[in-house]
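Here is how the chains run, residue by residue.
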Amino acid sequence: MEPILETKNLTVQFGSHIAVNNVNFMVYEKQFKSIIGPNGAGKTTLFNLLGGQLKATSGKIYFRKEDITSLSSVKRTRKGIGRSFQMTNVFPNLTVFENVRLAVQSRMNIRYPFFKHFSHYTEVNEKTYEILELVLLKEKQSVLAKQLSHGEQRKLEIAMLLALDTEVLLLDEPTAGMSMEEVPAILSVIQNVKKEGNRTIVLIEHKMDLIMNLSDAVTVLFNGQFLADGTPEEIMENETVQNAYLGGLYNGSPS
Ligand SMILES: Nc1ncnc2c1ncn2[C@@H]1O[C@H](COP(=O)(O)OP(=O)(O)OP(=O)(O)O)[C@@H](O)[C@H]1O
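In the nomenclature of an unreviewed UniProt entry, the protein is known as ABC transporter ATP-binding protein of Fervidibacillus halotolerans.

K.L.:
Quick one: what's the story with the overall build of the protein, residue by residue and with numbers?
P.N.:
Across its full length, the protein carries nine helices and eleven strands. Each of the 255 residues in the protein was classed as buried or not, and the buried ones make up 38%. In the protein, once contacts between residues fewer than 6 apart in sequence are set aside, the share between residues at least 24 apart is 68%.

K.L.:
Please set out the site of the ligand residue by residue, giving values where relevant.
P.N.:
Around the ligand lies a shell formed by Phe14, His17, Ala19, Gly37, Asn39, Gly40, Ala41, Gly42, Lys43, Thr44 and Thr45. Breaking the shell around the ligand down by element, the ones donating at least two residues are strand 2 (17-23) and helix 1 (43-51). Here the shell around the ligand gets three residues from one element, more than from any other, and that element is helix 1. Tallied by class, residues from the shell around the ligand come to three nonpolar, seven polar and one charged.

K.L.:
Any details on the environment of Phe226? Residues and values, ideally.
P.N.:
Among the structural elements, Phe226 can be located in strand 11 (residues 225-230). Assessed through the 20 C-beta atoms surrounding it within 10 Å, Phe226 is described here as buried. Setting aside its immediate chain neighbours within four residues, Phe226 contacts Val23, Asn24, Phe25 and Leu221.

K.L.:
An account of the nonpolar core is requested, with residue identities and associated values reported.
P.N.:
Among the nonpolar cores identified, the biggest contains 60 residues, and Leu46, Val100 and Ala159 are the most heavily contacted of them. With seven residues, the top contributor of residues to this core is helix 5 (residues 150-163). Apart from residues lying up to four places away in sequence, Ala159 is in contact with Val100, Ile131, Leu132, Val135 and Leu137.

K.L.:
For unusual backbone geometry, give the residues involved together with the corresponding values.
P.N.:
Backbone geometry places Lys65, a non-glycine residue, at a positive phi of 75 degrees. You can see Lys65 is positioned in the loop between strand 5 (58-63) and strand 6 (66-67). Of note, Glu173 is a non-glycine position whose phi angle comes to about 45 degrees, a positive value. On the basis of neighbour counts, which here come to 18 C-beta atoms within 10 Å, the residue Glu173 falls in the partly exposed class.

K.L.:
With reference to specific residues and values, describe the environment of Phe47.
P.N.:
Relative to the elements of secondary structure, Phe47 occurs in helix 1. Assessed through the 20 C-beta atoms surrounding it within 10 Å, Phe47 is described here as buried. Along the sequence, Phe47 and Ser84 sit 37 residues apart, while their C-alpha atoms lie 9.6 Å from each other. Ignoring sequence-local partners within four residues, the contact set of Phe47 consists of Arg83, Leu170, Asp172 and Ile204.

K.L.:
Run through the pairing of strand 8 (residues 168-172), naming residues and quoting values.
P.N.:
For strand 8, the tally of buried residues reaches four of five residues, placing the bulk of the element in the interior. Of the pairings in the sheet, the one linking strand 7 (residues 81-83) to strand 8 comprises three bridges and is parallel in character. Residue Gly82 lies in a different strand from strand 8, and its bridge partner there is Leu169. Pairing of strand 8 with strand 9 (residues 200-204) involves five bridges; the strand directions are parallel. The residue bridging Leu171 from the neighbouring strand is Leu203, located in strand 9. In this view, the connection linking strand 8 to its parallel neighbour strand 9 by way of helix 6 (residues 183-196) has right-handed handedness.

What counts and what doesn't
- Residues numbered from 1 in each chain as written.
- Predicted model: local features only at pLDDT ≥ 70, side-chain atom pairs only at ≥ 80, totals over all residues.
- Helix = DSSP H or I, 4+ residues; strand = E, 2+ residues; numbered from the N terminus.
- Buried ≥ 20, exposed ≤ 12 C-beta atoms within 10 Å, placed from the backbone.
- Contact = placed C-beta atoms within 7 Å.
- Near = placed C-beta within 6 Å.
- Nonpolar A, V, L, I, M, F, W, Y, C, P; charged D, E, K, R; others polar.
- Core = buried A, V, L, I, M, F, W, Y, C linked by C-beta atoms within 7 Å.
- Pairing = 2+ DSSP bridges.
- Right-handed = clockwise from strand over helix to strand, strands pointing away.

Structure representation (structure tokens):
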């Protein structure tokens, strides 16, 4: 099996600080992979590099074996790599339905440039409803995006990624800042996307129980470096990982 997304010796340096240090990361097509590591390990920075929000100092990024290291984030989105959670694609004064519909339509216009807008009207609407159902937002379809709760906004962001036909979803701490009541809903959304079985999901998450239940594989970063990779069980039993979190390697509180 070939990796869908892969990095080779990926490095980014801020002044004298190396935030991502020679990282070789890979995820296979349709795999659910989580990235864990203590605070400051470089997880979000790695996502910024994968999504094209940040330029690497050195090293390479490959998508389906194609070197995408110098591609802009817009071009990476077009290729099928989608990064949450930025709400950059969301129009606050449009409804949930209108937002998703626009994204579906824009994707179809890229895919089928020879068809004129309205010939795909029904198809666009059907696809929009399908996505709203998957992300549990059907009841909120007429609500303006800006009026959604924090948890609902996160669902909408996932909906936008799905609408754009994202093949690789980069989900950065989807439960961050959520109330306890909102967490199960976003979890269900992620489970629904996983169940569909046609996307690759890379998740950064601090909630260990969530990671262990959802992931096919887990990559551990520590101080910007690759520490370990394996099944959730292997990672739980890995002594180096345990030391990184609990022992002398790491002085902060485990997260
Ligand atoms: N733009 C930047 N300029 C300078 N330093 C940065 C920048 N972005 C990240 N860093 C530093 O790089 C390191 C890694 O940060 P990053 O946010 O990737 O860690 P993380 O693993 O996502 O942490 P957390 O779990 O706390 O979100 C940190 O020491 C951080 O301060």
